[in-house]
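# Coordinate analysis (summary)
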Amino acid sequence: MAFFEKNKKFKLKNIFSAGRLLGFFKKITRTGNLDSDANKLFKGFSLFGDNSDESMDRNLICNIDPRSVVVEQYRNLRNQILSEVRVHNYKIFSVTSSVRGEGKTTISANLAISFAANPDVSVVVIDADMRSPSIHRFFGVSQEGGLSEVLEGNAEFEDSLKETFSDNIKILSAGEKPSSPPELLSLPRMVKLIEDLRRDENIDFVIIDTPPVIPATDPRVVAEIADTTIFVTKANSTGKELIAHSFSLLGKSEILGVVRSEERRVGKECRSRWSPYH
C-alpha cells in the first residue's frame, strides 16, 4: 500500500476515534493540498454515542468496567487496526501527535492493553519519548535501564524489558535522557532493534510512543523505520493548521490513521483489576 506516490500524493488510510467519539472509520485520499486535506478530517464525523462521564487522560482501561463505553471504544479502535493488520501485516506501530497534551501516550498504553486482551498476543511497548517519558508511569515500572541504554550499547534489549501486570505486555522504558535523542534514534542500533523485533516470532505487536512531531524531530526518525504511524489528535483542540503542518513534517512516512481523543484523568492503578475483555 503506497501512502506517498511519485506525484507527491498519498493516502491517509483511516480516521479512528477514541474517548468521546465512538465507532468512526473513514478513508480519505490525500490530494497533496495540506490545508484542504486537513479540513477533511473535520467533516463527516459520525458519533455513535457520547460518554461524558468516562473520558480518558492518563488512565488505563483495565481500571474501568469492561462493559463501559470507554472500553468498547478501544475495542473498536483495536478491531479497526487489526483489520488493517490482516491485510498489510503491520507489526511495528509508531504513535505521535502534533503537540503535547493530545493523548498519544494514553492511546499507546490502552492500545497495548486492548491487543493483550487476547492471551495469545504478545505486545512490547517502547517509550521513545526520551525527552519527556511517561509510559513507565502508566505501567508502574522504572524509567531507568531502558531504550537509551540499549541504543548506547550499555544494555541488552532482552535484559531491559520490564514485566507488567499483564503477562503478555512488556515495557522498554525510555531510560536516562540522552543529550541528543534524534541522533540516538538514528543510530544503526535502532534500525537493528526494529528489524530484530520485526523478525521475532514471539512478539506480535510493537507500539512505540514518540514525542509530538512539531516540537521534535524524533518521531520522524521513528516513523521512517516503523511499519506505519498512528496519529493522535485531541477533539475540539487540535486545529487543522497543526494537522496539516504535522503531515508535512512526517513526509513520506506511512500514516495508518488518525485517532481523535478526549481526555480526563479517572484513575491510575490496574494491577488489582486487570482482566482480559472480549
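Residues numbered from 1 in each chain as written. Predicted model: local features only at pLDDT ≥ 70, side-chain atom pairs only at ≥ 80, totals over all residues. Heavy atoms only, no water.

Here we take up the nonpolar core. Counting residues in each nonpolar core, the largest one holds 35 residues, and the members touching the most others are Ile 81, Phe 93, Ile 113, Phe 115, Val 123, Phe 139 and Ile 230. With seven residues, the single largest contributor to this core is helix α3 (residues 104-116). Formed by 24 residues, the second largest nonpolar core is a distinct cluster that contains Val 124, Leu 184, Ile 208 and Val 221. (Core = buried A, V, L, I, M, F, W, Y, C linked by side-chain atoms within 4.5 Å. Buried < 20%, exposed > 50% of the residue type's maximum accessible area, 1.4 Å probe, protein only. Helix = DSSP H or I, 4+ residues; strand = E, 2+ residues; numbered from the N terminus.)

As a further point, take the confidence of the model for the chain. This prediction gives the chain a mean pLDDT of 77; 72% of its residues lie at or above 70. In this model, residues 1-12 is a region of pLDDT below 50 whose contacts with residues beyond four sequence positions or in other chains number 37 contacts. (pLDDT = per-residue confidence, 0-100. Contact = heavy atoms within 4.5 Å.)

Applying the stated criterion across every chain, the model contains six aromatic pairs. With a centroid separation of 6.2 Å and an interplanar angle of 35°, the aromatic rings of Phe 93 and Phe 115 are classed as tilted. With a gap of 22 residues between them, Phe 93 in strand β3 (residues 92-97) and Phe 115 in helix α3 connect regions that are remote in the sequence. Residue Phe 115 is classed as buried on the basis of its relative accessible area, which comes to 3%. Between the aromatic rings of Phe 139 and Phe 165, the centroid separation amounts to 5.7 Å while the plane-to-plane angle is 15°, which identifies the pairing as stacked. (Phe/Tyr/Trp six-rings, centres within 6.5 Å; stacked < 30°, edge-to-face > 60°.)

Turning our attention to unusual backbone geometry. For residues other than glycine, phi is negative in most cases, and the peptide bonds are mostly trans. Non-glycine residue Asn 89 carries a positive phi angle of around 60°. Relative to the helices and strands, Asn 89 is located in the loop between α2 (69-88) and β3.

With that out of the way, let us pick up the pattern of salt bridges. Between side chains of opposite charge, pairing is possible as soon as their charged atoms come close. Under the counting rule described, the total for this entry stands at nine salt bridges. Asp 129 is paired through a salt bridge with Arg 100; the nearest N and O atoms lie 3.2 Å apart. Taken together, the positions of Asp 129 in the loop between β4 (123-127) and α4 (135-139) and Arg 100 in the loop between β3 and α3 put the pair 29 residues apart, joining distant regions of the chain. Its salt-bridge partner being Asp 209, residue Lys 104 comes within 3.2 Å of it at the nearest N-O pair. Of this pair, Lys 104 sits in helix α3 while Asp 209 sits in strand β7 (residues 205-209), placing them 105 residues apart in sequence. Overall, Lys 104 belongs to the buried group, its relative accessible area being 6%. Several salt bridges share partner residues, and in doing so they unite Arg 100, Lys 104, Asp 129 and Asp 209 into one network. (Salt bridge = Lys/Arg side-chain N within 4 Å of Asp/Glu carboxyl O.)

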